[in-house]
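Each chain, written out:
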Amino acid sequence: MMPASLMERAAPVAFTLGLGILWEAICWLFNIDPIILPAPSAIAESAVTHWKPLLRHSGATMWTTLAGFAIAVAFGVVLGMVIGWSRAIYRGLYPVMVGFNSIPKVAVVPILVIWFGIGEIPAILTAFLISFFPIVVNVATGLATTEPELEDVLRALGARKLDIILKVGIPRAQPYFFGSLKVAITLAFVGSVVSETIAANAGIGYLMSVAGTNFQMPLVFAGLIALAIEGIAMYALFAFIEMRTTRWAFRSSFAAGT
Amino acid sequence: MTLTYAGASGDGVTAVQGLDLNVERGAFAAVVGPSGCGKSTLMKLATGLVRPNEGRIAVDGALVKGPVKIAGMAFQNANLLPWRTIRDNVLLPLEIVEPHRRRFRRNKADYAARADRLLALVGLDGFAERFPWELSGGMQQRTSLCRALIHEPALLMLDEPFAALDAFTREELWCVLRDLWARIGFTVILVTHDLREAAFLADTVHVMSARPGRIVASRAIELPRPRALDICFEPEFVDIVHDLRSRISEVRQ
Ligand SMILES: Nc1ncnc2c1ncn2[C@@H]1O[C@H](COP(=O)(O)OP(=O)(O)O)[C@@H](O)[C@H]1O
Ligand SMILES: [Mg+2]
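We now turn to the structure provided with this report. Given the structure is predicted, the values throughout are model-derived calculations rather than measurements.

## Observations concerning the interface of chain A and chain B
Between chain A and chain B, the residue contacts involve 21 residues of the former and 25 residues of the latter. The contact between chain A and chain B buries some 2100 Å² in all, and 69% of this surface belongs to carbon and sulfur atoms. It is A156, L157 and K167 of chain A that lose the most area in chain A upon contact with chain B, and together they represent 29% of the buried surface on that side. The interface formed by chain A and chain B contains two salt bridges. Between D163 of chain A and R101 of chain B there is a salt bridge, with its nearest N and O atoms 2.7 Å apart.

Here it is as structure tokens:
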């Protein structure tokens, strides 16, 4: 018997491998046309042959994603603080924000292309537009939900609104903020790939759409897998940062709902 | 004084009406009354956190026009900041109240020593570096008391601070508060619905009527000090609690 913890650790690897083997077996047993569904071995072969463009385009996607994400963080923190600061602004902006957030961002890409041309700028902007919302909501929530009694304690000491924001609001909003980053980075990634697929000349999304028109299905799938790897890596990075920066929140089961 | 909360639906709630209360400097006043009668509202009025619609409030001879800036407060929930150690939680008021605020960075070590002394006084020796989640509810409430007292306020406002604790811890904390008050000599207004707590700690117990709240009776507690917990079983003490109890049941009708 393996100890439970070792089994738990091995489980993700085992499942991933198992899925690959099952996939390979299905392709082989039912003799599936590689144009419909290439086998993992064919995908791996294609990835090895085309490693150079794959790497270059992965790099391009990573760049547009991170650039859009960085803008989203800056913008999201500022807007979140403004909204968390004042109930009136919160009320005023709320419908606009919800309306904006419910627009599928794919629909915005053609407009961005008309404004900025085909290239990385629409991808960066799409990544930004799709990912800032959760940051705003979380920062604002963290700031706005200070316990009223704690606020009374501080106000009876002569604390100004800014004191309360600095001493309580911002530290309190941190777990919400770092929690939202891992959601936002995933969304930013979706945004940049969608935009690259529609209108770009670099990035995995572009590579996949070109490979698709040439019927190079193994390469399309290799692109998909590159995307999955990048996505997992970025999510894991921000989940790790979240753990490290806000340990007290995990320990005190504060913000358990987020 | 009178205060009507506007209320979300437009029809306001008159929380207190014709409320008149006078507390001498250095006195220990307790306010008891049925739930919802405006006790917490009274606290907010006295500290200037809300303004009355009618009437005036004076603290230390000066009319209250905004938050008083000097009061220490503690509530039923300790409301500690989970990202700060116990010591840093206690130090929080010093980062806000003048003149400490200005000196805080420079004299951090002195202030930290002061916080540790106060923590030792309430029996939290050696817990300064811990985080709130590592402490029991009673210990958190002790910390909250320290935070309310660190800046040596002239006025301490306690809103049912012991209501969420078990009976033994509560009695321990009565003694902690009794000793702190005897030692430091601030003015206390303690809101509670525990009549024994009021009788044990206070010089005067004020009874409030049901909403809209006002003071319907004030009773001086002339038990000798220092009072030991055993006093709770003396006939004199029991009589006082009985008397308070009957007045409360009168106002609830
Ligand atoms: N912020 C508020 N807005 C509207 N009504 C309130 C508010 N705070 C308290 N009240 C009302 O005022 C009354 C007195 O409340 P409170 O002072 O909290 O009572 P107590 O502390 O004695 O239980 C209650 O009926 C309560 O519903
Ligand atoms: Mg109350």
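So much for the structure itself; the text now carries on.
## Considerations on the packing of aromatic side chains
Per the counting criterion, the structure on display carries 13 aromatic pairs over all chains. Relative to Y94 of chain A, the ring of Y90 of chain A lies with its centre 5.4 Å away and its plane at 35°, an arrangement referred to as tilted. Here the residue Y90 of chain A and the residue Y94 of chain A both occupy positions in helix α4 (residues 87-102), the gap between them amounting to four residues, near one helical turn. According to the relative accessible area criterion, Y90 of chain A is partly exposed, its value standing at 34%. Its relative accessible area of 46% is what places Y94 of chain A among the partly exposed residues. Ring geometry for F28 of chain B against W181 of chain B: centres 5.5 Å apart, planes inclined by 75°, an arrangement best described as edge-to-face. Highlighted residues: F28 of chain B in strand β3 (residues 28-32) and W181 of chain B in helix α6 (residues 167-184), separated in sequence by 153 residues. Here F28 of chain B falls in the buried class, since its relative accessible area comes to 1%. Given the relative accessible area of 11%, W181 of chain B is considered buried. Ring pairs connect the aromatic residues F75, F100, F128 and F132 of chain A, which therefore count as one cluster. Positioned above the aromatic ring of F100 of chain A is the side chain of K105 of chain A, whose terminal nitrogen or guanidinium carbon lies 5.1 Å from the ring centre. Between the NZ or CZ atom of K161 of chain A and the centre of the ring of W85 of chain A, over which it lies, the distance is 5.7 Å.

## Side note on helix α1 (residues 4-29) of chain A
Helix length check: α1 of chain A (26 residues) gives 35 Å between terminal C-alpha atoms against 38 Å at 1.5 Å per residue, within 8%. Residue N31 of chain A follows α1 of chain A closely and has a positive phi angle near 55°.

## Topic: the site of ligand 1
All names here are of chain B. Around ligand 1 sit eleven residues in total, of which G36, K39, S40, T41 and R211 are the nearest. Measuring from an oxygen atom of ligand 1, one finds a backbone N or O atom of G38 at 3.0 Å. Within the backbone of K39, a nitrogen or oxygen atom sits 2.7 Å from an oxygen atom of ligand 1. In the complex, the protein chains occlude 65% of the 560 Å² of accessible area that ligand 1 would expose alone. Contributions of two or more residues to the shell around ligand 1 are made by β2 (13-16) and α1 (39-46). Broken down by element, the residue count for the shell around ligand 1 peaks at three residues, all from α1. Grouping the constituent residues of the shell around ligand 1 by class yields four nonpolar, five polar and two charged.

## Regarding the sheet that holds strand β9 (residues 204-208) of chain B
All names here are of chain B. Taken in spatial order, the six strands of this open sheet run β6-β7-β8-β3-β9-β10, and their pairing is mixed. Of all strands in the sheet, those with a lone pairing partner are β6 (72-74) and β10 (215-220), marking the two edges. With strand direction ignored, the average angle separating the axes of adjacent strands in the sheet is 15°. Strand direction decides the pairing type here: strand β7 (residues 155-159) and strand β8 (residues 187-192), joined by five bridges, are parallel. Across the sheet, the residue bridging to M157 is I189, located in β8. Lying on the sheet, helix α5 (residues 137-149) is in contact with β6 and β7; it crosses β6 at an angle near 165°.

## Focus: the layout of surface pockets
What the largest pocket holds in volume is close to 750 Å³. In terms of lining residues, the largest pocket is bounded by 31 residues, among which V23, I57, A58, V59 and D60 of chain B are the most central. Per-class residue counts for the lining of the largest pocket are 19 nonpolar, six polar and six charged. Approximately 550 Å³ is the volume attributed to the second largest pocket. In terms of lining residues, the second largest pocket is bounded by 23 residues, among which I83, G84, A140, L143 and A144 of chain A are the most central. Ranked by residue count, the leading element in the lining of the second largest pocket is helix α6 (residues 120-144) of chain A, at seven residues. Here the lining of the second largest pocket is composed, by residue class, of 15 nonpolar, five polar and three charged.

## Overview of α1 of chain B
All names here are of chain B. Counting buried positions along α1 yields six of eight residues, so the element is predominantly enclosed. By the burial criterion, the buried members of α1 are K39, T41, L42, M43, L45 and A46. Count one or two residues on from α1 and you reach G48, which has phi positive near 75°.

## Comments concerning the pairing of β3 of chain B
Residues and elements named next belong to chain B. Across the five residues that make up β3, a large majority, five, are buried. Residues of β3 alternate between two faces, with F28, A30 and V32 on one and A29 and V31 on the opposite face, all of them buried. In this sheet, β8 lies alongside β3 in parallel orientation, the contact comprising five bridges. When the bridges of β8 are listed, V31 appears paired with V191. In terms of strand pairing, β3 meets β9 through four bridges, oriented parallel. From the neighbouring strand, V32 faces β9, where its bridge partner is V207.

Procedures and definitions
- Position numbers for residues start from 1 in each chain and track the written sequence from start to end.
- Each chain takes a letter, starting from A, and each ligand takes a number, starting from 1, following the order in which they are written.
- It should be noted that, the model being predicted, local features are given only for residues of pLDDT at least 70 and side-chain atom pairs only at 80 or more, the latter also being counted only at that level, while totals for whole chains, interfaces and linings use all residues.
- Note that the side-chain values use all heavy atoms of the structure and ignore hydrogens as well as water.
- Note on definitions: a residue-residue contact is assigned when non-hydrogen atoms from the two residues lie within 4.5 Å.
- Each of two parts loses accessible area, computed with a 1.4 Å probe, when they are put together; buried area is these two losses added.
- Throughout this description, the term salt bridge denotes a Lys or Arg side-chain nitrogen within 4 Å of a carboxyl oxygen of Asp or Glu.
- By convention, a stacked pair of Phe, Tyr or Trp rings (six-membered ring in the case of Trp) has centres within 6.5 Å and planes under 30 degrees apart, an edge-to-face pair has planes over 60 apart, and any other such pair is tilted.
- Put simply, DSSP marks the helices as runs of H or I at least four residues long and the strands as runs of E at least two long, and each gets a number from the N terminus on.
- Each residue's exposure class comes from its accessible area (1.4 Å probe, protein chains only) as a fraction of the maximum for that residue type: buried when under 20%, exposed when over 50%, partly exposed otherwise.
- Whether a charge lies above a ring is judged from NZ of Lys or CZ of Arg, which has to be within 6 Å of the ring centre and within 35 degrees of the ring normal.
- Given a helix with a known number of residues, its expected span is that number minus one, times 1.5 Å.
- When we say a residue is near a molecule or strand, we mean one of its heavy atoms is within 4 Å of it.
- Polar contact criterion, stated in full: a pair of N or O atoms within 3.5 Å, where within protein one must be able to donate a hydrogen and the other to accept it, and residues adjacent in sequence count only if both atoms are side-chain atoms.
- Computed with the Shrake-Rupley method and a 1.4 Å probe, the accessible areas treat only the protein chains shown as cover for residues.
- Residues are grouped as follows: Ala, Val, Leu, Ile, Met, Phe, Trp, Tyr, Cys and Pro are nonpolar; Asp, Glu, Lys and Arg are charged; every other residue, Gly included, is polar.
- Here, a strand pair is defined by DSSP locating no fewer than two bridges between the strands.
- The convention used is that axes are lines fitted to C-alpha atoms, helices contributing only their stretch in contact, and that angles between N-to-C directions extend from 0 to 180 degrees.
- Here a cavity denotes grid points, spaced 1 Å and computed from the protein atoms alone, that fit a 1.4 Å probe unable to get out, and a pocket denotes an open set having protein on both sides within 12 Å along at least 5 of 7 lines; residues with an atom within 4 Å of a point are the lining.
- Grid points are joined across faces, edges and corners, and a volume is the space filled by probe spheres set on the points.

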